[in-house]
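Below are the chains, spelled out letter by letter.
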Amino acid sequence: MHRAPETRRPIWDRIAALVCGRRSWMLALIVVGLGGALLGLLPDTGSAERSPVVVPPTAESARVAELLKGFPGGDQAPVILLVTRSDGAGLSPADLAAADQARERMLTAAGGGPPIPLVPSADGAAVLAPVPLRPDLTGFALSDEVTALRVAARDGLPSDLQANVTGGPAFGADIANSFSGANFILLAATVAVVALLLILTYRSPVLWLVPLLVIALADRVAAVLGSSVAETFGMGGDGSTSGTTSVLVFGAGTNYALLLISRYREELRRDGDHRQALHTAVRFAGPAILASNATVVLALLTLLFADSPSTRSLGVEAASGLVVAAVFVLFVLPPLLALFGRKLFWPFIPRPGGGEITTTGLWYRVADWVSGHAGRVAVSSILVLGGLSTLIAGTPVGLALVDQFRVSADSIDGFKNLTTHFPSGVTDPTRVIADTDRTEAVSAAIQAAPGVVSANPAGASDGGLTQWQVVIDAAPGSASAFDTIAALRDTVREADPGGLVGGSDAQALDARDTAVRDRWVVMPAILAVVLVVLFVLLRAVLAPPMLAAATVLSTLAALGLGGWVSVHVVGFPALDNTIPLFAFLFLVALGIDYTIFLVTRAKEETPLYGTRGGIVRAVSATGGVITSAGIVLAAVFCVLSVLPLIFLTQMGIIVGLGILLDTFVVRTIVIPALFTLIGPRIWWPAFRSDDIERTDALPGLTEGGRRGSPGDDAPRPTARTPQPAPGTAR
């Protein structure tokens, strides 16, 4: 077996001896025991039951929501009861009486409230009534309360009438309800997908169980530890945070397991002792796993620079979860593999002398062809990816609140019915809060703002503030509504520099601005992290920026293609505001995973086989595992679409397509072609050109990649059989 001395790391020899020795099962028991203790000791934070919080407390709409609590009735948030006839006809006196009884039942279920009379529509076909709720309700508690109100409204309602419960709290309840059972659904679907793909990858009835059980246990520990860490730092998550974390743990954990087991199977073809083969696999795959894990963890931690509370909590929870995944794969999986030995691969048990995969097989032929036509392949691939990237320009970003669900939701149906019968903004007015001493000036400023239909003072607080309820003429969450809110804020501040504008449209505008700000701050931080890790890992000047640029190009291509599919094929109105940042994060960080798997193997092979030979052998050795890992990860992200929220479906589409592009185009075509074109300089100063340029050819290959006789520049490697590490038996 041929090994480059530069790749020897004594620390990994010791780690490999620890996790592969005959007593390594004790280490696995200790790690599993600590994980079980965490499951028993750490409390359930209930983060999965919370609704997402997309704007920071400093946002203007959030400050208005907090100040409203100081006004009479400000400690309550109303849902809207809307009653219409099923046939669309006008409401009769009997219908109005039934609607009033429905309002009374809802008030009783809500624990009482002011008897606000029904408000009929101008066309006489609908009536509405606000029913106040406590504003501190959130997540599943809010969902249960709204469900009880809906049951009360419809209990005893004549069959020819229909009742919808909509409004801000009802939207929040339906979003929370979409995560009801989400952990179980996601876990079941993810486990099924991973199990199926592992069976297809290993073609063994038993091998797939070992990594799957290890990763499933890691996922449970990660869920508890991640939410507790986030709660400790005041960044409690929500249902989408825990679901996404679980997907990341399963996806990344499976990738790590695939890389380790693939290298183990390769070494079993060379070594008759399965523990020594596993020792070698851990020694060489371990650094790649650790480097890829560190990259993703550090990239996730850049989300701490974001303003959105949900985004920051995802960074903490997911980073904690991926650390747990790496610990379990590196310290629990190897002892189990050592315990069962090579028979775990039955019926396709690898035996010594089974063939050198770095110079045979499909991936060798693909890499050889790509390397032999490097210029044309690189140019055409980059042009294709660049063309897909241009599709971003035609993809709208900004999903309105009423467009959040893929399935029918009562709050959405009710809101659409509401806008049919009542003027826009009547049931959900914009709120303005200003100094009471400036009431006249602020009232005039509100009326002067373009797009304002009416403005009515709605009481004063004990703190010397007055609030106005403002009706605007734009559709909720639309670009026109955002323009009106921005103009209203400008005019109000001219009258009172301390004046604030809030409400649903203002919150949507603040959420959009927060997402844009987070993209400009976090994306460069992610790139900086990736570059630093690659520089530290490769100790080269040209390779890290070239690899990062290739990954970013494929990420932009995925955003363009996935956004086009989401809008023009699936039919979604726009991308959610959070999608560009999250897609960039996952695709860059996870894409670099595969880059690290590939280039660390290339760095291992290059001193003996040259730049071209090293990258071809690296693709040949890792092509199968990277393809399997990419398909697994893409499929796992697609599992997010089992939940009814559009933004999770969009994330699954874009990240899934991006991972496949990264796997089959960037890792298989672009990087090998660029390495071949740049030549030995790609590794400077890690390797000197004169160390590897004489061996920059493959045995039996001519310059163009055709079969020929080995020339004088062909490598002449000498066998270097690694010695057993302390604690491992031969």
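Described below are features of the structure shown in this document. All values reported here derive from a predicted model rather than from experimental measurement. (Residues numbered from 1 in each chain as written. Predicted model: local features only at pLDDT ≥ 70, side-chain atom pairs only at ≥ 80, totals over all residues. Heavy atoms only, no water.)

Topic: the pattern of salt bridges
Side-chain pairing between opposite charges can occur once the charged atoms of the two side chains come close. What the rule picks out here adds up to 26 salt bridges. R283 is paired through a salt bridge with D13; the nearest N and O atoms lie 3.2 Å apart. Separated by 270 residues along the polypeptide, R283 in helix α10 (residues 274-301) and D13 in helix α1 (residues 10-20) bring together distant segments of the chain. For R283, a relative accessible area of 3% puts it in the buried group. Residue D13 is classed as partly exposed on the basis of its relative accessible area of 22%. Put simply, E66 and K69 hold a salt bridge, and the shortest N to O gap is 3.4 Å. Sharing partners across several salt bridges, the network here consists of R263, E266, E267, R270, R601, E604, E605 and R617. (Salt bridge = Lys/Arg side-chain N within 4 Å of Asp/Glu carboxyl O. Helix = DSSP H or I, 4+ residues; strand = E, 2+ residues; numbered from the N terminus. Buried < 20%, exposed > 50% of the residue type's maximum accessible area, 1.4 Å probe, protein only.)

Some points on the pairing of strand β4 (residues 161-166)
Burial analysis of β4 places 5 of its 6 residues in the buried class, the great majority of the element. Where strand β1 (residues 77-85) lies against β4, 6 bridges are found, and the strand directions are antiparallel. The residue bridging R85 from the neighbouring strand is L161, located in β4. (Pairing = 2+ DSSP bridges.)

Looking at helix α3 (residues 60-67)
Here α3 has its buried residues at E60, S61 and V64. Looking straight down α3, one finds its buried side chains confined to an arc of 100°; they lie on one side. Looking at the packing, one finds that the buried side of α3 touches β5 (430-435), α17 (479-495), β8 (500-502) and α18 (504-538). (Arc of directions from axis to C-beta. Contact = heavy atoms within 4.5 Å.)

Here's the deal with the sheet that holds strand β6 (residues 452-460)
Across the sheet, which stays open at both edges, the 4 strands sit in the order β6-β7-β5-β8 with antiparallel pairing between neighbours. Because the sheet does not close on itself, it has two edges, and the strands there are β6 and β8. Taking each pair of neighbouring strands and ignoring which way they run, the sheet shows an average axis angle of 25°. In this sheet, β8 lies alongside β5 in antiparallel orientation, the contact comprising 3 bridges. (Axes fitted to C-alpha atoms, helices over the stretch in contact; angles between N-to-C directions.)

Notes on the sheet that holds β1
Taken together, 4 strands build an open sheet; the order of strands is β2-β3-β1-β4 and the sheet is antiparallel. At either margin of the open sheet sits one strand with a lone partner, and together these are β2 (119-120) and β4. Packed on one face of the sheet, helix α6 (residues 168-177) meets β1, β3 (126-133) and β4 and runs near 90° to β1. Lying on the sheet, helix α15 (residues 410-421) is in contact with β1, β3 and β4; it crosses β4 at an angle near 105°.

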